[in-house]
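# Inside the fold
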2 protein chains.
Amino acid sequence: MADPINPADMACPMPLNKHDRVLLAHGGGGTLMRDLIRNVFAKTFARDGYTAEHDAARLTMPKGDLAFTTDSYVISPLFFPGGDIGSLAVHGTVNDLAMAGAKPLYLSAGFILEEGLEMAVLERVVASMRAAADAADVVLVTGDTKVVNRGKGDGLYINTAGIGVVPDGIRVGPERIESGDAILVSGDVGRHGLTILATRNELGFQSDLASDSAPVAVAVKALLDSGVEVHCLRDLTRGGLAAALCELAESSRLHFDVEQERVPVLDTTRALGELLGIDPIHVANEGRFVVMVPERQADKALEVLRAVDVSAGAVRVGTVNDQRQPGTVSLLTPYGVRHQLALLSGEQLPRIC
Amino acid sequence: MADPINPADMACPMPLNKHDRVLLAHGGGGTLMRDLIRNVFAKTFARDGYTAEHDAARLTMPKGDLAFTTDSYVISPLFFPGGDIGSLAVHGTVNDLAMAGAKPLYLSAGFILEEGLEMAVLERVVASMRAAADAADVVLVTGDTKVVNRGKGDGLYINTAGIGVVPDGIRVGPERIESGDAILVSGDVGRHGLTILATRNELGFQSDLASDSAPVAVAVKALLDSGVEVHCLRDLTRGGLAAALCELAESSRLHFDVEQERVPVLDTTRALGELLGIDPIHVANEGRFVVMVPERQADKALEVLRAVDVSAGAVRVGTVNDQRQPGTVSLLTPYGVRHQLALLSGEQLPRIC
C-alpha cells in the first residue's frame, strides 16, 4: 500500500516511515505498528507502568475491593465544544468507577482506527486522553490498536476499561436507597447531548453551548470524606437524568418524586431543546450525576458538592417515597400536575458518546 | 425507526419489543437498550458478579499483583473454522494475561454493533463468548454496548479487557531472558491466520484447516506449578512467531538462534502458505506461545507442556546466545544458511484478529 504524498512532503521529504494517514498495515503487527505504538501511544502515555511492549500491565493495588468497568466511545463528531472523543473516553470510564464509590486508578485503551484516518487527528485525540487522564489522576497502563478497512469504521472508535479501588466500608448502590432520601443532581443537565447535536454539521446550528464532559471522582470523594452517608450514585449518560432515575426507581422498588422546576437546565440548553422538541431531562451528560442521601444530610451534602468545581451547581430535585407506585418516577410540574416519567424506547440522538 | 419485518414475522408475529436486527435505538439508553442488555447480554453472562445494571463491577481480589490488559477484535469474517469473534475475544485477552504469568479472573466486554446486524448473529457470538469464558475459567463481569450507523462498522467489533492475579514470587518478562536459555514453541504455527484467509469468500479456498484459537493459561499454570523457572512468555499473535521473537530479542538485547526445520508447521498450513507466498512463521496464531527457560530445564518444560492438550505439540526451536548481534534473530536453514529474521512492515493479512 502506497504512502499518500502531500505537497509538504515534496518540498521537504519526510522519512519513509513517517505516514500522515493510518494504513491497514499499521494494524499488522510489523514495523509500522511498532512505530505507531512507539511514536504516538507510548510517547504520549509514557509514565511508569505503561506497557507498550508487553502483553499485560502489572499493577500493585491498594487495599479494598476492586471496581472494574468498560465503555466504548463512538461519538460523532470526534471534536466538539468542551471536549473530544479522547477526553470523553477518559471521563466516561473514570466516572463509572466513581459511581461505584471507587477511586479510579488505571485505564486501558483499545483503538479501532479506520484506514485513512489522518495521523494528526489521532495524535490530537491521544494527547487529549493523556491530559484528561492526568487531570483525573488515573494512569493509562495498557493499550491495543486495530485498523479496519476504509468504510468499515468512522475515523476512530475508542474503548477504555477502568480499574479503581473501593475503600473498605464503602457501599453505594440502588439497594441502599431508602424512603425519605433526598435526590440531588450535581449540576445543570442536557448540555452534552445538545452540544453534540448543535455541532453536527448537517444540522447547521450555532450556539455557545459546550459539553459538560468532566471527571467527577473528586466530587464523590469529597462527599464520602465528609461523612455524608451516600446511598446511591449514578451518572447521567445515555438517556439523561430521566433514564438514570427510572432505572434506579426500578432497581430499588421505590417511588421517586421529582419537581420539574428544580431540575437545573441552562437557558441556552432549554432554548435549543425547545427548538428541537427534545426535553433536556432525556439528554446525555458526561459530567453530571445523581446522588441519594438521607434527608437529614441533604443540606450538608449540597454544601460539600457546591464547594467542588465540577458539582458547583448541585441542587436537590426530589425525594424518595414508598407511598406511591414502586419502581416509577413522578415528575411534578409547576402547575401541580403529576406525570409519570418514562424511559424513551431509543433516543433522539444516536452516537452522543 | 421502523423494525424491519421478515416473512417469518408475518406468519407468527413476534412481540413488538422483539427485533431481529440491531437498530440505532438499541444503543440509545432507553427501553430498547435495556431489553437488549437483559435479553442478550445479562441472560447469557448471568452469574454472580455480572453487573448489567450498575456502572462498575465490584470484585474481591486474591493476594498478588494485578495484571491488566485489553484487546479489540475486528476479525473478518465473524465466524471461521475453529472459532468466531466471540471465542477469539475471550482467548486473546486471557492469553495476554497468562503471558504475564497471571491467572485470568475477570473480563469486560465492549460491543460496537453496526445498525442492521442480525440479532441472531449477536446471540450466537455472545453464547460463544460465554462458553469460551467458562472453558477458560474467567467471569465476564461488566459490559457496554454501542450502536453505529449502517456503513460505519462491519457487523460487530468487540473489545475485551481482562484482569488477572500474578501469584507472589512470579516474574516473567523479556528482562529475565538469559544467554543459554532454550526457546520453546507450544505447538504448530500459522494456522489461525491461514484459516481466516482460506475462509474469506473472495479468495475461494477450500481446506480442512481450523484456527488454533484456544485459552493457554492452563499450560502456563502447569509450567509454573512444575517448578520450571519460566523466564519469558509471549503469545504468537499478529506478526506470528517471527514478530514475537524479533520483539523479544530486541527487548532483551540478546540474540536468538532458531532452527527453521524445528518450527512446527502442519502440512496443510505449509501448502496453503506456499500457494499464497506467505511464510507461516509470520502468520498470527491465537493459541500458541513461545517460552524461554533455562537450558537445564528444557526437557522438563517440554514434558510438562506436552501433558496439556493446548500445548501437546510443544517443541524446542532454538537457543538464546550472547555471541552474535544483540537484538536480532537468526533463522538457520536446513542447508546451513543463516538468515536474519526481520519484522515485516505491515502484514499480508489485515483483520485476522
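Here the structure is a predicted model, which is why all the values come from computation and not from measurement.

## Brief notes about the sheet that holds strand E9 (residues 232-235) of chain B
Residues and elements named next belong to chain B. What the seven strands build is an open sheet, ordered E9-E11-E8-E12-E10-E13-E14; its pairing is mixed. The two strands at the open ends of the sheet, each matched to only one other strand, are E9 and strand E14 (338-341). Between one strand and the next, the sheet's axes are offset by a mean angle of 25 degrees, whatever the strand orientation. As judged from the four bridges shared by strand E10 (residues 255-259) and strand E12 (residues 315-321), these two strands associate in the antiparallel manner. For His 255, the partnering residue across the bridge sits in E12 and is Asn 321. Strand contacts of helix H9 (residues 298-306): strand E8 (182-185), strand E11 (289-293) and E12, with the helix running at about 10 degrees to E8, the strand carrying the most contacts.

## Re helix H4 (residues 119-136) of chain A
All names here are of chain A. In a regular helix each residue adds 1.5 Å, so 18 residues correspond to 26 Å; H4 covers 26 Å between its end C-alpha atoms and thus fits that length. Listing the buried residues of H4 in full gives Met 119, Val 121, Leu 122, Val 125, Val 126, Ser 128, Met 129, Ala 132, Ala 133 and Ala 136. Just past H4, the residue Asp 137 takes up positive phi, approximately 60 degrees.

## Remarks on the packing of helix H5 (residues 191-199) of chain B against helix H8 (residues 267-276) of chain B
In a packed pair of helices, the relevant descriptors are the angle between the two axes and the axis-to-axis distance. Residue and element names in this part refer to chain B. Between H5 and H8, whose axes approach to 10 Å, the crossing angle comes to 60 degrees. In this view, H5 runs oblique relative to H8, as classed from their interaxial angle. Two packed elements cross with a definite hand, and for H5 against H8 that hand is left-handed. When H5 is examined against H8, the residues Arg 191, Leu 194, Leu 197 and Ala 198 are found in contact with a partner set consisting of Thr 269, Leu 272, Gly 273 and Leu 276. Class assignment for the residues of the contact of H5 with H8 results in five nonpolar, two polar and one charged.

## Here we look at the interface of chain A and chain B
Counting residues at the interface gives 79 residues for chain A, matched by 79 residues for chain B. Three residues stand out in chain A for area buried against chain B, namely Asp 55, Arg 58 and Phe 68 of chain A, and they jointly supply 15% of the buried area on that side. Run the count over chain A and chain B and you get 12 salt bridges. Lys 146 of chain A is paired through a salt bridge with Asp 71 of chain B; the nearest N and O atoms lie 3.3 Å apart. Taken together, the links from chain A to chain B amount to 32 residue pairs in polar contact (both at pLDDT 80 or more). When its residues are assigned to classes, the side of chain A that touches chain B shows 34 nonpolar, 24 polar and 21 charged. In the sheet, strand E1 (residues 57-59) of chain A pairs with strand E2 (residues 65-73) of chain B via three bridges, with the strands oriented antiparallel. Each residue of the ladder has a partner; that of Arg 58 of chain A, found in E2 of chain B, is Ala 67 of chain B.

## Some points on the environment of Asn 149 of chain A
Relative to the assigned elements, Asn 149 of chain A resides in the loop between strand E6 (139-148) and strand E7 (156-166). Using a relative accessible area of 26% as the deciding quantity, one classes Asn 149 of chain A as partly exposed. Sequence separation between Asn 149 of chain A and Ser 211 of chain A is 62 residues, and the spatial gap between their C-alpha atoms is 31 Å. In this structure Asn 149 of chain A touches Leu 24, Glu 114 and Glu 115 of chain A together with Arg 351 of chain B, once residues within four positions along its chain are discounted. One polar contact links Asn 149 of chain A to Arg 351 of chain B, side chain to side chain, over a distance of 2.8 Å.

## Observations regarding the sheet that holds E2 of chain B
In spatial order, the strands read E1(A)-E2(B)-E7(B)-E5(B)-E6(B); together these five strands make up an open sheet with mixed pairing. With partners counted over all chains shown, the strands left at the sheet margins are E1 of chain A together with strand E6 (139-148) of chain B, one partner each. Pairwise comparison of adjacent strand axes, ignoring direction, gives a mean angle of 20 degrees for this sheet. Sheet analysis places strand E5 (residues 103-114) of chain B next to strand E7 (residues 156-166) of chain B, joined by 10 bridges and oriented antiparallel. Looking across to E7 of chain B, one finds that Leu 113 of chain B is bridged to Leu 156 of chain B.

## Observations regarding the environment of Asp 322 of chain B
All names here are of chain B. Tracing the backbone through its elements, the reader meets Asp 322 in the loop between E12 and strand E13 (329-332). Separated by 66 residues in sequence, Asp 322 and Phe 256 place their C-alpha atoms 8.5 Å apart. Ignoring sequence-local partners within four residues, the contact set of Asp 322 consists of Ser 179 and Leu 254. Within the structure, the side chain of Asp 322 is placed 2.8 Å from the side chain of Gln 323, a separation counted as a polar contact.

## Describing the state of the cysteines
One way to say it: the disulfide is the covalent bond shared by the sulfur atoms of two cysteines. Residue and element names in this part refer to chain A. Within the structure shown, the criterion is met by zero disulfides over all chains. Cys 232 takes part in no disulfide bond, and the closest cysteine sulfur, belonging to Cys 246, lies 14 Å away. Residue class for Cys 232 comes out buried when judged on its relative accessible area of 1%.

## Some points on the environment of Gly 64 of chain A
Mapping Gly 64 of chain A onto the fold places it in the loop between E1 and strand E2 (65-73). A sequence separation of 133 residues divides Gly 64 of chain A from Leu 197 of chain A, and the C-alpha atoms of the two residues are 41 Å apart.

## Some remarks on the side chain of Asn 321 of chain B
If you trace the backbone, Asn 321 of chain B turns up in strand E12. What makes Asn 321 of chain B buried here is its relative accessible area of 12%.

## Section: the pattern of salt bridges
Residues and elements named next belong to chain A. All told, the structure shown has 42 salt bridges over all chains when counted by the stated rule. Two residues, Asp 134 and Arg 130, come together in a salt bridge whose shortest N-O distance is 3.0 Å. Here Asp 134 pairs with Arg 130, and both are found in helix H4, just four residues apart, close to one helical turn. Its relative accessible area of 37% is what places Asp 134 among the partly exposed residues.

## Observations regarding the relation of the copies chain A and chain B
You can overlay chain A on chain B at an RMSD of 0.0 Å; the transform is a turn of 180 degrees with a shift of 0.0 Å along its axis. The symmetry that links the two subunits is that of a two-fold axis. Taking C-alpha positions as reference, the residue of chain A nearest the rotation axis is Gly 153 of chain A, located at 2.3 Å. An overlap of 100% is found between the interface residues of chain A and their copies at the interface of chain B, pointing to a shared contact surface.

## A few points about the pairing of E2 of chain B
Here is the key point about a regular strand: its side chains alternate between the two faces of the sheet. All names here are of chain B. E2 sits mainly inside the fold: nine of its nine residues count as buried. The alternating pattern of E2 places Asp 65, Ala 67, Thr 69, Asp 71 and Tyr 73 and Leu 66, Phe 68, Thr 70 and Ser 72 on opposite faces, both of which are buried. As paired elements, E2 and E7 share nine bridges and run antiparallel to each other. Its bridge partner lying in E7, Asp 65 is registered against Val 166.

## What to know about the domain arrangement of chain A
Residues and elements named next belong to chain A. Examined at the domain level, chain A breaks down into domain 1 (24-166) and domain 2 (174-341). Distance between the C-alpha centres of domain 1 and domain 2: 28 Å. Listed per partner, the contact involves 18 residues of domain 1 and 21 residues of domain 2. Summing the contributions of domain 1 and of domain 2, the shared interface buries around 1,600 Å²; its carbon and sulfur component is 65%. On the domain 1 side of the contact with domain 2, Pro 81, Asn 95 and Met 99 bury the most area, a combined 36% of that side's loss. Taken together, the links from domain 1 to domain 2 amount to zero salt bridges. Between domain 1 and domain 2 we count seven residue pairs in polar contact (both at pLDDT 80 or more) in total. Mapped onto the side of domain 1 that touches domain 2, the elements with two or more residues apiece are strand E3 (79-80) and helix H3 (85-99). Sorting elements by how many residues they give to the side of domain 1 that touches domain 2 places H3 first, with eight residues. Looking at the side of domain 1 that touches domain 2, its residues break down into 11 nonpolar, six polar and one charged.

About the cut-offs
Residues numbered from 1 in each chain as written. Chains lettered and ligands numbered in written order. Predicted model: local features only at pLDDT ≥ 70, side-chain atom pairs only at ≥ 80, totals over all residues. Heavy atoms only, no water. Pairing = 2+ DSSP bridges. Helix = DSSP H or I, 4+ residues; strand = E, 2+ residues; numbered from the N terminus. Axes fitted to C-alpha atoms, helices over the stretch in contact; angles between N-to-C directions. Contact = heavy atoms within 4.5 Å. Expected span 1.5 Å × (residues − 1). Buried < 20%, exposed > 50% of the residue type's maximum accessible area, 1.4 Å probe, protein only. Parallel < 35°, antiparallel > 145°, perpendicular 65-115°, else oblique. Left-handed = near helix turned anticlockwise from the far one by under 90°. Nonpolar A, V, L, I, M, F, W, Y, C, P; charged D, E, K, R; others polar. Buried area = accessible area lost by both parts, 1.4 Å probe. Salt bridge = Lys/Arg side-chain N within 4 Å of Asp/Glu carboxyl O. Polar contact = N/O pair within 3.5 Å; in protein donor to acceptor, adjacent residues only side chain to side chain. Disulfide = S-S within 2.5 Å. Least-squares fit on C-alpha atoms with pLDDT ≥ 70 in both. Domains from an automatic or database assignment.

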